[in-house]
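The primary structure of each chain is shown beneath.
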Amino acid sequence: MLLFELKKGDRGRILKVKGDSIFKKRILDMGLIKGEVFKIKNIAPLGDPLEITIKNYDLSLRKKEAQNIEVERI
């Protein structure tokens, strides 16, 4: 399952980050590392961007970025 497929209020765990090395480094630097638990805080009306809470801070991601992050719903 990909991050953008989750709904508001869902919780998940990061499984894998895909993409080129620059994208992966930027995402990993923001704390989206394998095994981290997060919660979907809000999704914009048109689905882009979405806001997640991870490691006690809020992070906004574009749908295009969220398509490169594999997660599992918990």
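Just so you know, these numbers come straight off a predicted model, no measurement behind them.

**Side note on the sheet that holds strand 1 (residues 11-17)**
So, point 1. Strand order across the open sheet formed by five strands is 4-3-2-1-5, with antiparallel pairing between neighbours. Of all the strands in the sheet, just strand 4 (57-61) and strand 5 (69-73) have a single pairing partner and so form its edges. Adjacent strand axes in the sheet meet at a mean angle of 40 degrees, parallel and antiparallel pairs treated alike.
So, point 2. Two elements, strand 2 (residues 37-43) and strand 3 (residues 50-54), share five bridges in a ladder whose sense is antiparallel. Bridging from a neighbouring strand, Phe38 pairs with Ile54 of strand 3.
So, point 3. Helix 1 (residues 21-29) contacts strand 1, strand 4 and strand 5 of the sheet and is inclined by roughly 145 degrees relative to strand 1.

**Notes on the nonpolar core**
So, point 1. Counting residues in hydrophobic clusters, the biggest one holds 18 residues, and the most contacted among them are Leu3, Ile27, Leu32, Phe38, Ile52, Leu61 and Ile69.
So, point 2. Of all the secondary-structure elements, those providing two or more residues to this core are strand 1, helix 1, strand 2, strand 3, strand 4 and strand 5.
So, point 3. The leading source of residues in this core is strand 3, at three residues.
So, point 4. Apart from the residues within four sequence positions on either side, Leu61 is in contact with Leu3, Ile27, Met30, Leu32, Asp48, Pro49, Leu50, Ile52 and Ile69.

**Topic: the side chain of Glu65**
So, point 1. Looking at the secondary structure, you find Glu65 in helix 2 (residues 63-66).
So, point 2. Under the relative-accessibility criterion, Glu65 is labelled buried at 15%.
So, point 3. A polar contact of 3.0 Å, which involves the side chain of Glu65, links it to the backbone nitrogen of Arg62.
So, point 4. The residues touching Glu65, leaving out its near neighbours within four places in the chain, are Phe23 and Arg26.

Thresholds applied
Position numbers for residues start from 1 in each chain and track the written sequence from start to end. Reporting of local features is limited, given that this is a predicted model, to residues whose pLDDT is at least 70; pairs of side-chain atoms are given and counted only at 80 or more, and all residues count toward the totals for whole chains, interfaces and linings. As a rule here, side-chain values come from all non-hydrogen atoms in the structure, and water together with hydrogens is ignored. DSSP bridges decide pairing: two strands pair if at least two such bridges lie between them. Secondary structure counts use DSSP, requiring at least four H or I residues in a row for a helix and at least two E residues in a row for a strand, with both numbered from the N terminus. To get an axis, fit a line to the C-alpha atoms, keeping to the stretch in contact for a helix; angles then go from 0 to 180 degrees between the N-to-C directions. Contacts are assigned to residue pairs that have any heavy atoms within 4.5 Å of one another. The definition of a nonpolar core used throughout is a set of buried Ala, Val, Leu, Ile, Met, Phe, Trp, Tyr and Cys residues joined through side-chain atoms within 4.5 Å. For each residue, the accessible area found with a 1.4 Å probe, counting protein chains only, is set against the maximum for its type, and the residue is called buried under 20%, exposed over 50%, and partly exposed in between. Throughout this description, a polar contact denotes any pair of N or O atoms lying within 3.5 Å of each other; where both atoms belong to protein, one of them has to be capable of donating a hydrogen while the other can accept it, and for residues adjacent in sequence the pair is counted only when both atoms sit in side chains.

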